[in-house]
Amino acid sequence: TQSTWDQGFVIKMAGSGYDYDVSTLSPEGKIYQVEYAMKATENSSTILGMVCKDGVLLGTEKLIVSEMMVSGSDRRVYSVTKQIGMVITGLLPDGRCLIDRAKEESASFQKQYGIPITGKVLADRIAQFMHMNTIYLWARPYGCNIIIAAFDEFGGPTLHLIDPSGQCFGYFGCAAGKGRQIARNEIEKLGAKNLTCKEAAFNMAKILHKCHEEMKEKKFELEMSWICPETGMTHQMLPKDMQKEMEIRAQETLEKEAMADVQSQIMKNINICLLYTSDAADDTPCVDLGGRRIIKKKK
């Protein structure tokens, strides 16, 4: 009979073959290569998008990997058409390949139908393209998440999130990357549908700074874009002076909130002590409490 260690080793070796390619399902119904690709996105920069009452916003935070790197050369937000923008996280070369594919799909749709492609149609096409890399032996999944923001006269402002498996959904607010859970919670509390893009842009800067609090020692910069009446309903980057002003306001607001939290914690830890004296002590002009003499006022 095999020992317990040998049996465990055989089982482990039998299960390890399911992650060699994307054409094999594990006994649990998983495709491990897709899960590995998702892991690559979970450890990357936070990206988020929000639909507002007058448009749509995209944003991301980027680590500054070198002081000698030219600002703006490490782009994460791209324009696909005049009215469609995309933000990527995960493996950036994979994301740039998908940006090029999105531009090809947009040009092909315009040539064939004579009208600009909508955000929903483009999101479905890119999702199908990404899914094709999860069913063939010779391919590997794209290790990136994409958020597509768009505006068209039929559907208005739209937002779609695509993951490495090719799964695609429409959202009012969504996030991906390392700080996705914090960002999602903050977006849910915010209610961006009732805010203008200008009001929501400040909150987006605040959320991205909050997501980065765990890595305060690492320098980073924000990249934000919008589609709103200020841009003529076209996809454009936020003006640098406006973005800088919003970042400063966001940092000041977060510092004030942190100070308020510290003060509230201090107040919770304060214990109020009431000192009582006996009737005999009331007859004396002073009370001795542990070496400290408290002089009582005369009645």
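Residues numbered from 1 in each chain as written. Predicted model: local features only at pLDDT ≥ 70, side-chain atom pairs only at ≥ 80, totals over all residues. Heavy atoms only, no water.

1. Focus on the nonpolar core
Judged by nonpolar contacts, the single largest core of 26 residues is most densely connected at Leu 48, Met 50, Leu 57, Met 204, Met 224, Trp 226 and Leu 238. Mapped onto this core, the elements with two or more residues apiece are strand 1 (47-52), helix 5 (180-190), helix 6 (197-211), strand 9 (220-227) and helix 7 (240-269). Ranked by residue count, the leading element in this core is helix 6, at 9 residues. Not counting the four nearest positions on each side in its chain, Met 50 is found in contact with Gly 55, Val 56, Leu 57, Leu 159, Phe 172, Gly 173, Ile 187, Leu 190, Ala 192, Ala 200 and Met 204. Counting 23 residues, the second-largest nonpolar core is a separate cluster that includes Val 80, Ile 88, Ala 102 and Ala 123. (Core = buried A, V, L, I, M, F, W, Y, C linked by side-chain atoms within 4.5 Å. Buried < 20%, exposed > 50% of the residue type's maximum accessible area, 1.4 Å probe, protein only. Helix = DSSP H or I, 4+ residues; strand = E, 2+ residues; numbered from the N terminus. Contact = heavy atoms within 4.5 Å.)

2. A look at the pairing of strand 1
Most of strand 1 is tucked away: 6 of the 6 residues are buried. The alternating pattern of strand 1 places Ile 47, Gly 49 and Val 51 on one face and Leu 48, Met 50 and Cys 52 on the opposite face, and all of these are buried. Looking at chain direction, strand 1 and strand 2 (residues 55-63) are connected through 6 bridges and run antiparallel. Counted as the bridge partner of Cys 52 is Gly 55 from strand 2. Linking strand 1 back to strand 2 in an antiparallel pair, the connection comprises 2 residues. Bridge count between strand 1 and strand 8 (residues 173-176): 4 bridges; the pairing is antiparallel. Opposite Ile 47, over in strand 8, you have Ala 176 as the bridge partner. (Pairing = 2+ DSSP bridges.)

3. Some details on the packing of helix 5 against helix 6
Where helix 5 contacts helix 6, the axes come no closer than 9 Å and their chain directions differ by 150°. It follows from the interaxial angle that helix 5 and helix 6 lie roughly antiparallel. Here the hand of the crossing between helix 5 and helix 6 comes out right-handed. From helix 5, Ile 182, Ala 183, Glu 186, Ile 187 and Leu 190 reach across to helix 6, where they touch Asn 203, Ile 207, Lys 210 and Cys 211. Across the contact of helix 5 with helix 6, the residue classes break down as 6 nonpolar, 1 polar and 2 charged. (Axes fitted to C-alpha atoms, helices over the stretch in contact; angles between N-to-C directions. Parallel < 35°, antiparallel > 145°, perpendicular 65-115°, else oblique. Left-handed = near helix turned anticlockwise from the far one by under 90°. Nonpolar A, V, L, I, M, F, W, Y, C, P; charged D, E, K, R; others polar.)

4. Some remarks on the packing of aromatic side chains
We describe a pair of aromatic rings using the distance from one ring centre to the other and the angle between the two ring planes. Counted according to the given criterion, the structure contains 4 aromatic pairs. Arranged with centres 4.7 Å apart and planes meeting at 45°, the rings of Phe 109 and Tyr 113 form a pair that is tilted. Taken together, the residues Phe 109 and Tyr 113, both in helix 3 (residues 92-113) and 4 residues apart, mark about one turn of the helix. Owing to a relative accessible area of 48%, Tyr 113 belongs among the partly exposed residues under this scheme. Summarising the aromatic geometry, the rings of Tyr 136 and Trp 138 are spaced 5.4 Å apart at their centres and angled 15° between planes, so their arrangement reads as stacked. (Phe/Tyr/Trp six-rings, centres within 6.5 Å; stacked < 30°, edge-to-face > 60°.)

5. Quick look at the confidence of the model for the chain
With 83% of its residues at a pLDDT of 70 or more, the chain shows a mean pLDDT of 83. Below a pLDDT of 50 lies the segment residues 5-15, which in the model reaches 2 contacts outside its immediate sequence neighbourhood of four places, other chains included. (pLDDT = per-residue confidence, 0-100.)

6. Some words on the pattern of salt bridges
With the rule as written, the count across this model stands at 13 salt bridges. A salt bridge links Lys 219 to Glu 67, with the nearest nitrogen and oxygen atoms 3.3 Å apart. Of this pair, Lys 219 sits in the loop between helix 6 and strand 9 while Glu 67 is found in the loop between strand 2 and strand 3 (77-81), placing the two residues 152 residues apart along the sequence. Look at Glu 67 and you get exposed, because its relative accessible area is 63%. Each member of the salt-bridge network shares a partner with another, and the members are Lys 39, Glu 42 and Arg 180. (Salt bridge = Lys/Arg side-chain N within 4 Å of Asp/Glu carboxyl O.)

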